[in-house]
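# Inside the fold
Here is what each chain is made of, one letter per residue.
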Amino acid sequence: MTLAACGGSDSPGSPITNPPPPAAVATVAITPSTGTVFIGRTMALAASPKDAAGNALSGRTVTWSSSAESVARVDANGVVTGVAAGSATITAASEGKSASTTLLVQAAPPAAVATVSIAAASGNLKVGDTLRLAATTRDESGAVLAGRTVRWTSSAPIVATVDSVSGLVTALRSGAATVTATSEGKTATHALVVTAPVATVSVNASIDTLEAYDMLQLSATLKDAAGNVLTDRTVRWRSSNDAVATVDSLTGVISGVDRGTVTVTATSEGKSGTRQHTIVIRYRSLTTGSEHACDIASGGIAWCWGINGTEGRLGSGAAGAFGSYSSQPVQVAGGLRFNQLSTYGSTTCGVTRAGKLYCWGSNSAFALGAGSSAAQSPTPVAVASGLIFKQVSVGSQHACAVTTDGRLYCWGPNSSGQLGTGNTTWAQTPVASATALTFASVSAGTDYTCGVTPAGEAWCWGANGLGQLGEGNAPSMGNTQSNSPVKVTGGLSFVSISASNQVTCAITTNPAAYCWGRGIDGRLGTGNTGVTSTPSVVAAGTQFRSVATGFTAVCGVDLASAVWCWGMGANGQLGQVVTNQAPTPIRAGGTLKAADVSTANVSGGSGNYSCAIAADRLTTYCWGRNDKGQLGNGTTSDATAVNATPSIVVGQKPLPATR
């Protein structure tokens, strides 16, 4: 019996079988099938043995060879290296089968420019300078590329040109420019600033005449040789005379010090320009009183001349002997700066630039308003008040002032109700008026006071025996008074008012001058030498812008700046030789043109003088009696002398100030 073997070869007694042999390599494929390799560079080839069915065979040995080793070499891994220009056949063989590819070997193309840079160089040039710029080109790996074409351009050829090929920059004029280097579409830039040396300097100013203590900003224009304006340059300033004007060396702000002419020089880079400035002193707020006068010069400095006496009326800091005087101005002590002054008898008061009140001279009947019992003060003392004032007026012994909000305050004797408090109580310090009225300005006279409201109404109070309050009632020729303000009659609208001794004058909005009160000495200016309590127009047809009422005379300034005076003229205080009086206005001082005029208030012949500030405010003039130096011209004359011609008040030069 024969047994057949079933199942696997592991059955006992079964014959042993061998695995099938591996498939033979039928073909070899090379990828890529063609190509170009650059000299010095490599290219990787891949060989793929396949069986007869086209299946890829793994694990088969492949050998590589080149037909021209001098052109291209191939290693055991199929990596070909370009050696020299030409062509070579690269063969891959496996188990007797092979495939070949022909490669072209040629020189590598140049690398593309990836970045351009400009070698660091100065960005600052002066006109006329040259600068050669150099550009470096690099590939994407950062390797420097030589021999690449670079072209140059300038963003502002009027400032700096650049040679398009060489990169040579030439600076032409001041300004900024950007130079660009371009290669194969890639760029780099370099910023340039061109400066030109200063060739000319000119000094600029809005005005050439400057008042002492004023300041003015100067500027300088700098240009190069081509006339181009240069900026951002250092300029230094100096004055030819610091006693006339100083100039800040850095900012060019000029400050007037004293009258004169000064040359200001601006210098930059060794070049200079100059400008001449005239420094002037101007005068304002003129006031004349009991044989002395005061005004304010540039910088708010007060100056006084005439009688000083035991009261120290000049405010110079020292009282003198009885009747002592100065025939030329002396500076009021204390370093105060004033906006306005007023005097009448032997006391003077002023409003400072800060709105504070100060008084000096006699303190009779508490005229100084300081609450002090001292008989006098030869230096300014503060009026006892925490208020801020805009105007003050001194009367025969009392004084009144208006605050910046129009309230009225007065001090001193009050027997005639001149303080306007509704009673006759005296005041050592300022007391408020009993009226609800507000005032634009006030004027104190002999025992009475008048004021003008913002609406143009005139009100007066105090003594009224001769119609000086102007209320329209028949003058009593006696000792009558009003302790509270009464309205001036006539329905007129006023802009200013001036009270004196029994005569009041005012300017209307027309403008015309009106006077009322005692006219026996011709001070009404109407030709009427009687007494009236009704405002009467002065010199019909003449238009006045201001009027100043004095003890013996009245003067006014018309719209053409001419001065007119009327009243008594014994010492020439009317500005003309007048034997007795002029009851209507006469032209004073010949061709004198004035901005302000004041005529003295004092009971006695020594007050027979007048003063005026010239229309340009550069000069103060006085005329009339001069036995106590009242005219301030540096001389005196006999008490009976007639000095009808205006003379110049001398030497009013402020001292240099510390700012």
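Residues numbered from 1 in each chain as written. Predicted model: local features only at pLDDT ≥ 70, side-chain atom pairs only at ≥ 80, totals over all residues. Heavy atoms only, no water.

For the rest of this paragraph, the subject is the sheet that holds strand β20 (residues 200–204). Taking strand neighbours across the sheet as the criterion, the three strands line up as β20-β23-β24 in an open arrangement whose pairing is antiparallel. Two strands close off the open sheet at either side, each with one partner strand: β20 and β24 (229–230). In the sheet, strand β23 (residues 219–223) pairs with β24 via two bridges, with the strands oriented antiparallel. What sits directly across from K223, in β24, is V229. (Pairing = 2+ DSSP bridges. Helix = DSSP H or I, 4+ residues; strand = E, 2+ residues; numbered from the N terminus.)

We now examine the side chain of T91. In this structure, T91 sits in strand β8 (residues 86–94). Within the local environment of T91, its side chain forms a polar contact with the side chain of S100, the two groups lying 2.8 Å apart. Excluding anything up to four places from it in sequence, T91 contacts I30, T63, W64, S65, S98, A99 and S100. (Polar contact = N/O pair within 3.5 Å; in protein donor to acceptor, adjacent residues only side chain to side chain. Contact = heavy atoms within 4.5 Å.)

Before going further, it helps to examine the UniProt feature "domain: BIG2" (unreviewed entry) in the protein. Mapped onto the present numbering, the UniProt feature "domain: BIG2" (unreviewed entry) falls on residues 24–104, 112–193 and 197–278. Segment residues 24–104 splits into 0% helix and 56% strand. End C-alpha atoms: 32 Å apart. Span residues 197–278 is 0% helix and 56% strand, its end C-alpha atoms 32 Å apart. (UniProt positions renumbered as here; feature names shortened; annotations may be inferred.)

Turning our eyes to something else, we now look at the nonpolar core. Generally speaking, soluble globular proteins have nonpolar side chains that are buried together. Of all hydrophobic cores here, the largest spans 37 residues; its most connected members are L218, W237, I254 and I279. For this core, the elements supplying multiple residues, two or more each, are β20, β26 (245–247), β28 (260–268), β30 (283–288), β31 (292–297), β32 (301–307) and β55 (609–614). Within the second largest apolar cluster, 21 residues are counted, among which are V116, L131, L145 and A160. (Core = buried A, V, L, I, M, F, W, Y, C linked by side-chain atoms within 4.5 Å. Buried < 20%, exposed > 50% of the residue type's maximum accessible area, 1.4 Å probe, protein only.)

Attention now moves to the packing of aromatic side chains. Within the structure shown, the criterion is met by five aromatic pairs. Between F439 and W461, the ring centres sit 5.7 Å apart and the planes meet at 55°, which makes this aromatic pair tilted. With a gap of 22 residues between them, F439 in the loop between β41 (427–432) and β42 (441–444) and W461 in strand β44 (residues 458–463) connect regions that are remote in the sequence. Assigned by exposure class, F439 and W461 land together as buried. (Phe/Tyr/Trp six-rings, centres within 6.5 Å; stacked < 30°, edge-to-face > 60°.)

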